[in-house]
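Structural overview
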Amino acid sequence: MSDLRTCIVAEDETLLRHALVAELKRAWPALQIVAECEDGASAVEALAEHMPDIAFLDIRMPGLNGLEVAALAADASPRTRIVFVTAYDQYAIDAFERGAIDYLLKPVKPERLDATVARLQAQDTMPDAAALAALLDKLGALPNAAGAIEPLTWITASAGRETKLILVDDVAYFRADHKYTTVVTADGEAVLRTPLRELLPRLDGAHFKQIHRSTIVNLKAIAGIARDDSGRGTVRLKQRPETLAVSLPFMALFKHM
C-alpha cells in the first residue's frame, strides 16, 4: 500500500470532530482527510465516494449510527479499515479487544491515538471482514449498544392549519425539508418540526431505513425495487404513485431482496 493514506472522520459533535481531526494531523501529518462527516448518512456517502483507507466512526451518531455505517461500508468501500470512536463501558471494550478491531475511547488521549496510528501505518493488508462482522453482532446485542430508545408509535404533524395525529406504521416515507421533515402517508403529506437526522434514531430500525441522505422509507410500504446499470435503485411504493431514489451506498440494504 502507498505511504499516502486517506481517511474520513465521522463525529456528530463539532468540537469533538475538530479536536480529533487536529490530533490526527499532529499524529499523522501525511494522512489525507478527505471528508469530515456530522452524521451516519453523510459518512456512508463519503465512504462510497472516496473509498478511503481508514474511517474513524463515532458509534453514537444521529441517523445511521457507527455500527450501521460500518456494516454498509463492507459493500460501499470494502478495503476501508474501521476505527470506532466510543464512550462505551468496559463490556463493549472487551468486545472490541476480542475482535481485534481498532477503537478509540472518548475522550481521545494523544498517546492512545499515537498507538492506533502506528498500527494503521504498519498494516498493509485488507481489513478482516469476518472479524468486523462478528464484532458488529456482539456490539449490536449489548444493551443500548447504539443509544437505542423506545421507538415512536405516534407523531403529530401539521397539514395547513390542522394538526394530525399519525400512526408511524401508516407512514410510507419521510423526506427532509430544510430544517423540518415531510411525512408522507397514503392519504397525503404533513410537516413534522423535527429534522430527518434527529428523527431516524427514534424510529423502529427493523422497519424504517434510510435510503438516501434526504429519505427514510417504511419497508412495509415498498412494493418493489429496480436497479439500473450503475447499481443505483428506485423504490416503488404500494399506496403512492411516486418512486424513491436509493443512493448507491444504501443499495446494500436490499441485496437480499
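Note that the structure is predicted; figures quoted are calculated from it, not measured.

Reading the values: the criteria
- Residues numbered from 1 in each chain as written.
- Predicted model: local features only at pLDDT ≥ 70, side-chain atom pairs only at ≥ 80, totals over all residues.
- Heavy atoms only, no water.
- Axes fitted to C-alpha atoms, helices over the stretch in contact; angles between N-to-C directions.
- Helix = DSSP H or I, 4+ residues; strand = E, 2+ residues; numbered from the N terminus.
- Parallel < 35°, antiparallel > 145°, perpendicular 65-115°, else oblique.
- Left-handed = near helix turned anticlockwise from the far one by under 90°.
- Contact = heavy atoms within 4.5 Å.
- Nonpolar A, V, L, I, M, F, W, Y, C, P; charged D, E, K, R; others polar.
- pLDDT = per-residue confidence, 0-100.
- Buried < 20%, exposed > 50% of the residue type's maximum accessible area, 1.4 Å probe, protein only.
- Pairing = 2+ DSSP bridges.
- Core = buried A, V, L, I, M, F, W, Y, C linked by side-chain atoms within 4.5 Å.

**Observations concerning the packing of helix H1 (residues 14-27) against helix H5 (residues 110-122)**
Closest axis-to-axis distance for the H1/H5 pair is 10 Å, and the angle between their directions is 60°. It follows that H1 is oblique to H5 by the angle criterion. Where H1 crosses over H5, the handedness of that crossing is right-handed. Packed against H1, whose contacting residues are Glu23, Leu24, Arg26 and Ala27, the element H5 presents Pro110, Leu113, Asp114 and Val117 at the interface. Of the residues assigned to the contact of H1 with H5, the class counts are 5 nonpolar, no polar and 3 charged.

**Some remarks on the confidence of the model for the chain**
Residues at a pLDDT of 70 or more form 87% of the chain, whose mean pLDDT is 86. Across the chain, the element-wise mean pLDDT spans from 60 in helix H4 (residues 90-99) up to 97 in strand E2 (residues 32-37). Taken together, the stretch residues 142-147 has pLDDT below 50 and engages in 11 contacts with residues farther than four places along the chain or on a different chain.

**Quick notes on the environment of Val246**
Note on placement: Val246 falls in strand E15 (residues 243-246). Spatially, the C-alpha atoms of Val246 and Gly231 are 9.6 Å apart, while their sequence positions differ by 15 residues. Residues within four places of Val246 in sequence aside, it is in contact with Ile211, Ile225, Arg232, Gly233, Thr234, Val235, Met251 and Phe254.

**Here's the deal with the pairing of strand E4 (residues 81-86)**
Both faces of the sheet carry side chains from a regular strand, because those side chains alternate between them. Most of E4 is tucked away: 6 of the 6 residues are buried. Residues Arg81, Val83 and Val85 of E4 are buried on one face, and the alternating residues Ile82, Phe84 and Thr86, pointing to the opposite face, are buried as well. Judged from the 5 bridges that link them, strand E3 (residues 54-58) and E4 form a sheet pairing that is parallel. Its bridge partner lying in E4, Asp58 is registered against Val85.

**Section: the sheet that holds E15**
Read across the sheet, 3 strands follow the order E13-E14-E15 without closing on themselves; strand pairing throughout is antiparallel. Looking at which strands have only one partner, the edges of the open sheet turn out to be strand E13 (222-227) and E15. Put simply, the sheet's adjacent strands are angled 25° from each other on average, direction ignored. In the sheet, strand E14 (residues 233-237) pairs with E15 via 4 bridges, with the strands oriented antiparallel.

**Looking at the nonpolar core**
Soluble, globular proteins show a tendency: their nonpolar side chains are buried together. Formed by 57 residues in total, the largest nonpolar core has its most connected members in Phe84 and Phe174. Counting 16 residues, the second-largest nonpolar core is a separate cluster that includes Val9, Leu31, Ile54 and Val117.

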